[in-house]
Amino acid sequence: MSSPTPATPARADGRAPDQIRPLRFQNHIAPYATGSTLVEWGHTRVICGVTVEESVPRWMKEQKVEGGWLTAEYSMLPYSTLTRKPRDISKGKLDGRSSEIQRLIGRSMRAAVDLNKLGARTICVDCDVLQADGGTRTAAITGAFVALSLAMQKLIAAGKLKENPITHGVAAVSVGIVGGAALLDLCYTEDVAAAVDMNLVMNADGEFIEVQGTGEEATFTEAQLAALLALGKVGIKQLLAAQKQALG
Ligand code: UDP
């Protein structure tokens, strides 16, 4: 007699292993930004604002690099976490985690645009976490793409751009192994309990932009990696559809 298949442990919020948390975009949250959205993804909430400067960084001029540039900043507001997180400015330096995340956001968004079509402009993407419950970097990337698209629509409407420089939809999601089960879109309690934690950034062509995967005092097999990637792809599809809907 075969032994019964062990049941998948229940998730804290009752989700199926391959189910993402409810996702909502509130566009134009920051009216003075060229494009903005508040992404609410479960209990994680991130304000994503995009501004456009009519100049390029000095290194581009010096190296005679054509086109524009895109840069990103990420920060967690002091009251975004259960215990107050002091602003980086009060410590006099950006913390390593914020620095790593903002570089990831910048790379992810640069993969969404053709910088040559942007002209001699710099896009600044600012992601500020209002509430953190796991997956703030994936929410920042997914929201930043919406804010960036809104900003590009505005430049086109203003006659500053003839052609949309956005080439691909880009979204990000976390996956992980918790209690032996592969789960999509980890909330904070799952993230803390995860033996393997992975962040995937992908585009609408199903291509990978970045894969950040780590075992926390644990290792993972190639088969588990494949299962996590497959789960991530399911999530990315849903995120890209939600972004499309938010952009009308
Ligand atoms: N977190 C926190 N304070 C910090 C850093 C992280 O409370 O200084 C929490 C927060 O809920 C965050 C989660 O830990 O979403 C996971 O952090 P991680 O560094 O894995 O990044 P994220 O999952 O947010 O992209």
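Residues numbered from 1 in each chain as written. Predicted model: local features only at pLDDT ≥ 70, side-chain atom pairs only at ≥ 80, totals over all residues. Heavy atoms only, no water.

Novice: How should I be thinking about the site of the ligand in this particular structure?
Specialist: Lining the immediate surroundings of the ligand are Met76, Thr81, Lys85, Arg97, Ala132, Asp133, Gly134, Gly135, Thr136, Arg137, Tyr188 and Asp191. Between the ligand and Lys85 there is a distance of 3.4 Å, counted from an oxygen atom to a side-chain nitrogen or oxygen. Measuring from an oxygen atom of the ligand, one finds a backbone N or O atom of Ala132 at 3.4 Å. A total of 500 Å² of accessible area belongs to the ligand in isolation, and the protein chains cover 77% of it. Secondary structure elements with two or more residues in the shell around the ligand: helix H4 (136-157) and helix H5 (188-193). (Near = heavy atom within 4 Å. Polar contact = N/O pair within 3.5 Å; in protein donor to acceptor, adjacent residues only side chain to side chain. Areas by Shrake-Rupley, 256 points an atom, 1.4 Å probe, with all protein chains shown as cover. Helix = DSSP H or I, 4+ residues; strand = E, 2+ residues; numbered from the N terminus.)

Novice: Sorry, what's going on with unusual backbone geometry here?
Specialist: If a residue is not glycine, its phi is most likely negative; likewise, a peptide bond is most likely trans. One non-glycine residue with positive phi stands out, namely Lys64, at about 50 degrees. Within the secondary structure layout, Lys64 lies in the loop between helix H1 (58-62) and strand E4 (69-76). Phi is positive for Asp185, which is not a glycine, with a value near 60 degrees. Mapped onto the elements, Asp185 comes out in the loop between strand E7 (181-184) and H5. Taking the relative accessible area as the measure of exposure, Asp185 reaches 0% and is therefore buried. (Buried < 20%, exposed > 50% of the residue type's maximum accessible area, 1.4 Å probe, protein only.)

Novice: Where do I start with the sheet that holds strand E1 (residues 23-27) in this structure?
Specialist: The pairing of strands in a sheet happens through backbone hydrogen bonds and is either parallel or antiparallel. With mixed pairing, five strands are arranged side by side in an open sheet as E1-E2-E3-E5-E4. The open sheet has two edge strands, E1 and E4, and neither has a second partner. Shown here is a sheet whose adjacent strand axes are inclined to one another by a mean of 20 degrees, direction ignored. Helix-sheet contacts for H4 involve E1, strand E2 (35-41), strand E3 (44-53), E4 and strand E5 (122-131), and the interaxial angle to E3 is about 35 degrees. Packed on one face of the sheet, helix H6 (residues 222-246) meets E1 and E2 and runs near 30 degrees to E1. (Pairing = 2+ DSSP bridges. Axes fitted to C-alpha atoms, helices over the stretch in contact; angles between N-to-C directions. Contact = heavy atoms within 4.5 Å.)

Novice: What am I meant to see in H4 here?
Specialist: Helical geometry note: an α-helix holds 3.6 residues per turn, so side chains three or four residues apart project in the same direction. Its 22 residues place the ends of H4 31 Å apart at the C-alpha level, agreeing with the 32 Å of an ideal helix rising 1.5 Å per residue. For H4, the buried fraction is high: 18 of the 22 residues fall into the buried class. With its phi angle positive at about 80 degrees, Gly159 sits one or two positions after the end of H4. (Expected span 1.5 Å × (residues − 1).)

Novice: Hey, could you run me through the sheet that holds strand E8 (residues 196-203) in this one?
Specialist: Reading across from one edge, E7-E6-E8-E9 is the order of the four strands in this open sheet, with antiparallel pairing throughout. Looking at strand neighbours, the two that pair on one side only are E7 and strand E9 (208-215), the edges of this open sheet. Strand-to-strand twist across the sheet, computed as the mean angle between neighbouring axes with direction ignored, equals 15 degrees.

Geometric values such as these leave the question of function open.
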